[in-house]
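# Overview (structure and organization)
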Amino acid sequence: MEIGFILSALGLGIASGFHCIGMCGPIAMSMGIGRKASVNNYIQNILYQSGRIFTYCLLGTIFGILGEGLHLAGWQKYLSIFSGIFLVLLSIFSFKGKEISHICPLVDQFLPFIQRKLSKFLQKTGYSSRFIAGILNGFLPCGMVYIALTASLSAGSLIKSTLFMFYFGLGTVPFMFGMVMLGNVITASVRNKILKIIPIFTFVLGALLFLRGLGIGIPYTSPKTEVLDIQKRDDKEKIKKNSCH
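In this text the structure is predicted, and so the values were computed from the model without any measurement.

Glancing now at the overall build of the protein chain. Across its full length, the protein chain holds 12 helices and zero strands. When the helices and strands of the protein chain are listed from N to C terminus, the series reads α-α-α-α-α-α-α-α-α-α-α-α. Burial statistics for the protein chain: of 245 residues in total, 46% are counted as buried. Once local pairs closer than 6 in sequence are excluded, the contacts in the protein chain between residues at least 24 apart make up 81%. For the protein chain, the accessible area works out to roughly 12500 Å², and carbon and sulfur atoms hold 70% of it.

Shown next, in the form of structure tokens:
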């Protein structure tokens, strides 16, 4: 995976942290872990964050299976170009102050079911309940997750797509971990100003994917098409060898 792709995933996750504070922060604070610096509280918080990342990785794996199939079919560069254009358009859409998840009404219909299950596990204090609550939280409709999944789809392999979502989830941890332990220490006005950075990250990520698909020979960003073809041939050979065993 190109270093630029990893940094994009982390950067998008970090920027998403401010979005998470507003969307998922109240849920996190409702767990009642509190500000007491105890080992038990830290473990519960870590398990909750791990559950969210687990869901992101699971979704990344699912999208990675699709992306790998398209990659082996020779559509990788077109997928990357399409994903890049899509993210650029999303960034323009979000600059108008609209929530990206609203463009996916079918996903929003899934929200009541997740909310009921999440509420059930938030009332429990066991370690397993915290982890499951994190897993359920990861399934909540979120525009930032949609953006990350679109980018992971163009990674071209199951492993790369999963890793992209792992780094994305890792980037959200600092803000969400602090929210659980410290509460909402960022005012709404400051948060709204920082949220304006997210469309910029989305635009940059979309531009990177677009350039990657063009294959114009920029190191670590847009390798030449010949290099991508070699990688695709190597992937096919690996699959062939594994099937023989």
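Here we come to the packing of helix α6 (residues 111-122) against helix α7 (residues 127-138). For the pair α6 and α7, the least separation of the axes is 9 Å and the interaxial angle reads 160°. Taken as axis vectors, α6 and α7 run roughly antiparallel relative to one another. Considering how the two elements wind past one another, α6 and α7 form a crossing that is left-handed. Counted together, I114, K117, L118, F121 and L122 of α6 and S129, R130, I132, A133, L136 and N137 of α7 form the full contact between these two elements. The residue makeup of the contact of α6 with α7, split by class, is seven nonpolar, two polar and two charged.

In the predicted model, the protein chain carries a mean pLDDT of 75, and the fraction of residues at 70 or more is 66%. Within the protein chain, no element has a lower average pLDDT than helix α12 (residues 225-244), which sits at 54, and none a higher one than α7, at 90.

Right, let's get into the nonpolar core. One finds L12, L87, M144, V145, F164, M165 and F168 to be the most contacted residues of the largest nonpolar core, which totals 22 residues. Listed by contribution, the elements that provide at least two residues to this core are α1 (3-23), α3 (39-72), α4 (76-95), α8 (143-153), α9 (158-182) and α11 (197-214). Of all the elements, α8 adds the most residues to this core, at six residues. When neighbours within four sequence positions are excluded, M165 is seen to be in contact with Y56, C57, G60, V145, A148, L149 and S152. In terms of nonpolar packing, the next biggest core, distinct from the first, is built from nine residues, L118, F121, L122 and L136 among them.

This next bit is on the packing of α3 against α7. Viewed as axis vectors pointing N to C, α3 and α7 meet at an angle of 35°, and their least axial separation amounts to 7 Å. The interaxial crossing formed by α3 with α7 has right-handed handedness. Seen from α3, the contacting residues are N40, I43, Q44, L47, Y48, S50, G51, R52, F54, T55, Y56 and L59; seen from α7, they are Y127, R130, F131, A133, G134, I135, N137 and G138. The residue inventory of the contact of α3 with α7, partitioned by class, reads 10 nonpolar, eight polar and two charged.

Reading the values: the criteria
Residues numbered from 1 in each chain as written. Predicted model: local features only at pLDDT ≥ 70, side-chain atom pairs only at ≥ 80, totals over all residues. Heavy atoms only, no water. Helix = DSSP H or I, 4+ residues; strand = E, 2+ residues; numbered from the N terminus. Buried < 20%, exposed > 50% of the residue type's maximum accessible area, 1.4 Å probe, protein only. Contact = heavy atoms within 4.5 Å. Areas by Shrake-Rupley, 256 points an atom, 1.4 Å probe, with all protein chains shown as cover. Axes fitted to C-alpha atoms, helices over the stretch in contact; angles between N-to-C directions. Parallel < 35°, antiparallel > 145°, perpendicular 65-115°, else oblique. Left-handed = near helix turned anticlockwise from the far one by under 90°. Nonpolar A, V, L, I, M, F, W, Y, C, P; charged D, E, K, R; others polar. pLDDT = per-residue confidence, 0-100. Core = buried A, V, L, I, M, F, W, Y, C linked by side-chain atoms within 4.5 Å.

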